[in-house]
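# Descriptive structure summary
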Amino acid sequence: MSVQPMIGKGKAAIEMILDKNSFIENIIGNYKQDSKIGPGAIIGTGKLEGKEVTVITNDATKANPRFPVVYGGIIGMEEGYKMATAVYKTIEADENNETKRPIVLIVDTPGNGPGKVEEIFGMNKSTGAYQLSLAEARFKGHPIIAMIIGRAISGAFLCHGLQADHILSLSSEYKTMIHVMPLTSIARITKLDIEMLENLSKNNPVFASGANFFYKLGGLEEIVEDNEKMRETIIKHIKEVEELIKKGERDKTGPWGRGLLGEEREGRKTRAIVIKKMEKEFEKIEENYL
């Protein structure tokens, strides 16, 4: 059976994941987002099994007319602030509620907008604000699930995905790509031969870009083989995270939890050794800082 990639189909993924006709764009709690701001990002409220969730994704079909490098799913400065605002408004909406609504991130982005104007105004502040907002939402008790449907690359994935409690991905058959940067860029920065990097990428999960390699590193909690099962898989992982929160075991989720997964799957064999060495070195000087 042939598989149709979902690159550029963030809107379609929303409809596949949420309860039918439940998504309301640009509305979170009592907040209404100006639709003209950050057109490359989609935010809003929907329902999963009748329960409200916040949904954030990037829209590969929209370009930002104010920033020419923001198109095709790139997260620009406006998009980053728009996404961060969605998270903070979610926190605000549930401030007095014991149960915190989940946040679902649908990921398909080739990177951040590297335009000169964005860099001058503060692109790093935008993406940093988005990362911080997700970290704060996790601290407040909101389960966060990231679902990779296409590309998860570079700093855009760092802010839109890697802060999630659990990260899921469609299988490599859907042409999903997960990596820090293209091998050509790695070669340019490290001054290593592209041929050597290409050979490394065939077996080394650090250099390879497929979902299976990232899974071995612990970066993915689960690979979804059929896009029709995205909805049920996301629901399952929301419940798993909620249960871990109730048990006070949040350290088993998020970036730290994925580090532990990487050790279990033998994709990060030296992680624990390096951490212990760093802790010993810090013990020698900690009285100067604590």
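Quick note: structure is the one above.
Below or above, wherever it landed, is the structure these notes cover. Because the structure is predicted, anything quoted here is derived from the model rather than measured.

### Here we look at the layout of surface pockets
In this structure, the largest pocket spans a volume of roughly 460 Å³. For the largest pocket, the lining is made up of 20 residues, of which Leu162, His179, Val180, Phe214 and Leu217 are closest to its centre. Every element with two or more residues in the lining of the largest pocket is listed here: helix H5 (154-159), strand E9 (177-179) and helix H10 (254-264). Of all the elements, H5 adds the most residues to the lining of the largest pocket, at four residues. A class-by-class count of the residues in the lining of the largest pocket yields 14 nonpolar, four polar and two charged. As for the second largest pocket, its lining consists of 15 residues, and the residues nearest its centre are Lys51, Glu52, Pro102, Ile238 and Glu242. When residues of the lining of the second largest pocket are traced back to their parent elements, those giving at least two are strand E5 (51-58) and helix H9 (230-246).

### Some details on a nonpolar patch on the surface
Together, Phe282, Ile285, Tyr289 and Leu290 give the surface a local cluster of nonpolar side chains, amounting to about 470 Å² of exposed area. Along the chain, Phe282 falls in helix H11 (residues 271-285). You can call Phe282 partly exposed: its relative accessible area is 37%.

### Some thoughts on the packing of aromatic side chains
Across all of its chains, the model carries one aromatic pair by this definition. Between the NZ or CZ atom of Arg265 and the centre of the ring of Tyr215, over which it lies, the distance is 3.6 Å. In this arrangement the basic side chain of Arg271 is found over the ring face of Trp256, its NZ or CZ atom lying 4.5 Å from the centre.

### Looking at the pairing of strand E6 (residues 103-109)
With seven of seven residues buried, E6 lies mostly within the body of the structure. A two-sided burial pattern is seen for E6, the buried positions comprising Ile103, Leu105, Val107 and Thr109 on one face and Val104, Ile106 and Asp108 on the other. In this sheet, E6 lies alongside E5 in parallel orientation, the contact comprising four bridges. Looking at the pairing, Thr57 lines up with Ile106 of E6. For the crossover that starts at E5, traverses helix H2 (residues 77-93) and ends in the parallel E6, the hand is right-handed. Across six bridges, E6 lies against strand E7 (residues 144-153) in parallel orientation. Bridge pairing in E7 places Leu105 opposite Ala146.

### Let's talk about the nonpolar core
Burial of nonpolar side chains together is a common tendency in soluble globular proteins. Counting residues in hydrophobic clusters, the biggest one holds 31 residues, and the most contacted among them are Ile56, Leu105 and Tyr130. Elements supplying a minimum of two residues to this core: strand E4 (41-48), H2, E6, helix H4 (123-140), E7, H5 and helix H8 (211-216). The dominant element in this core, judged by the number of residues it contributes, is H2, at five residues. Setting aside residues no more than four positions away along its own chain, Tyr130 makes contact with Ile56, Gly80, Met83, Ala84, Val87, Leu105, Cys159 and His160.

### Thoughts on unusual backbone geometry
Non-glycine residue Lys175 carries a positive phi angle of around 65°. Along the chain, the position of Lys175 falls in the loop between strand E8 (166-170) and E9. The backbone of Lys191 shows a phi angle near 65°, a positive value even though the residue is not glycine. Topologically, Lys191 is positioned in the loop between helix H6 (183-190) and helix H7 (194-203).

### Quick word on the packing of H2 against H4
How two helices pack is summed up by the angle between their axes together with the distance between the axes. Two numbers describe how H2 lies on H4: the axes approach to 8 Å, and their chain directions differ by 20°. In terms of orientation, H2 lies roughly parallel with respect to H4. Along this stretch, H2 crosses H4, giving a crossing that reads as left-handed. For the pair H2 and H4, contact is made by Met77, Gly80, Tyr81, Met83, Ala84, Val87, Tyr88 and Ile91 and by Met123, Lys125, Ser126, Ala129, Tyr130, Leu132, Ser133, Leu134, Glu136, Ala137 and Lys140, respectively. Residues belonging to the contact of H2 with H4 are distributed by class as follows: 13 nonpolar, three polar and three charged.

### A word on the side chain of Thr54
Looking at the element boundaries, Thr54 is found in strand E5. A distance of 2.8 Å separates polar atoms of two side chains, one belonging to Thr54 and the other to Thr90. If near-sequence neighbours (up to four positions away) are discounted, Thr54 is found in contact with Ile28, Gly44, Ala86, Thr90, Arg101, Pro102, Ile103 and Val104.

### Section: the packing of helix H1 (residues 10-17) against H9
Taken N-terminus to C-terminus, the directions of H1 and H9 make an angle of 70°; their axes are 8 Å apart at the nearest point. What the angle tells us is that H1 and H9 run roughly perpendicular. For the pair H1 and H9, the sense of crossing is right-handed. Residues Ala13, Met16 and Ile17 of H1 form the contact with H9, whose own contacting residues are Met230, Arg231 and Ile234. Residue classes in the contact of H1 with H9 are distributed as five nonpolar, no polar and one charged.

Procedures and definitions
Residues numbered from 1 in each chain as written. Predicted model: local features only at pLDDT ≥ 70, side-chain atom pairs only at ≥ 80, totals over all residues. Heavy atoms only, no water. 1 Å grid on protein atoms, 1.4 Å probe; cavity = no way out; pocket = protein on both sides within 12 Å on 5 of 7 lines; lining within 4 Å. Points joined across faces, edges and corners; volume = space filled by probe spheres on them. Helix = DSSP H or I, 4+ residues; strand = E, 2+ residues; numbered from the N terminus. Nonpolar A, V, L, I, M, F, W, Y, C, P; charged D, E, K, R; others polar. Patch = residues over 30% accessible without salt bridge, like charges linked within 9 Å, V, L, I, M, F, W, Y side chains within 5 Å. Areas by Shrake-Rupley, 256 points an atom, 1.4 Å probe, with all protein chains shown as cover. Salt bridge = Lys/Arg side-chain N within 4 Å of Asp/Glu carboxyl O. Buried < 20%, exposed > 50% of the residue type's maximum accessible area, 1.4 Å probe, protein only. Phe/Tyr/Trp six-rings, centres within 6.5 Å; stacked < 30°, edge-to-face > 60°. Lys NZ or Arg CZ within 6 Å of the ring centre and 35° of its normal. Pairing = 2+ DSSP bridges. Right-handed = clockwise from strand over helix to strand, strands pointing away. Core = buried A, V, L, I, M, F, W, Y, C linked by side-chain atoms within 4.5 Å. Contact = heavy atoms within 4.5 Å. Axes fitted to C-alpha atoms, helices over the stretch in contact; angles between N-to-C directions. Parallel < 35°, antiparallel > 145°, perpendicular 65-115°, else oblique. Left-handed = near helix turned anticlockwise from the far one by under 90°. Polar contact = N/O pair within 3.5 Å; in protein donor to acceptor, adjacent residues only side chain to side chain.

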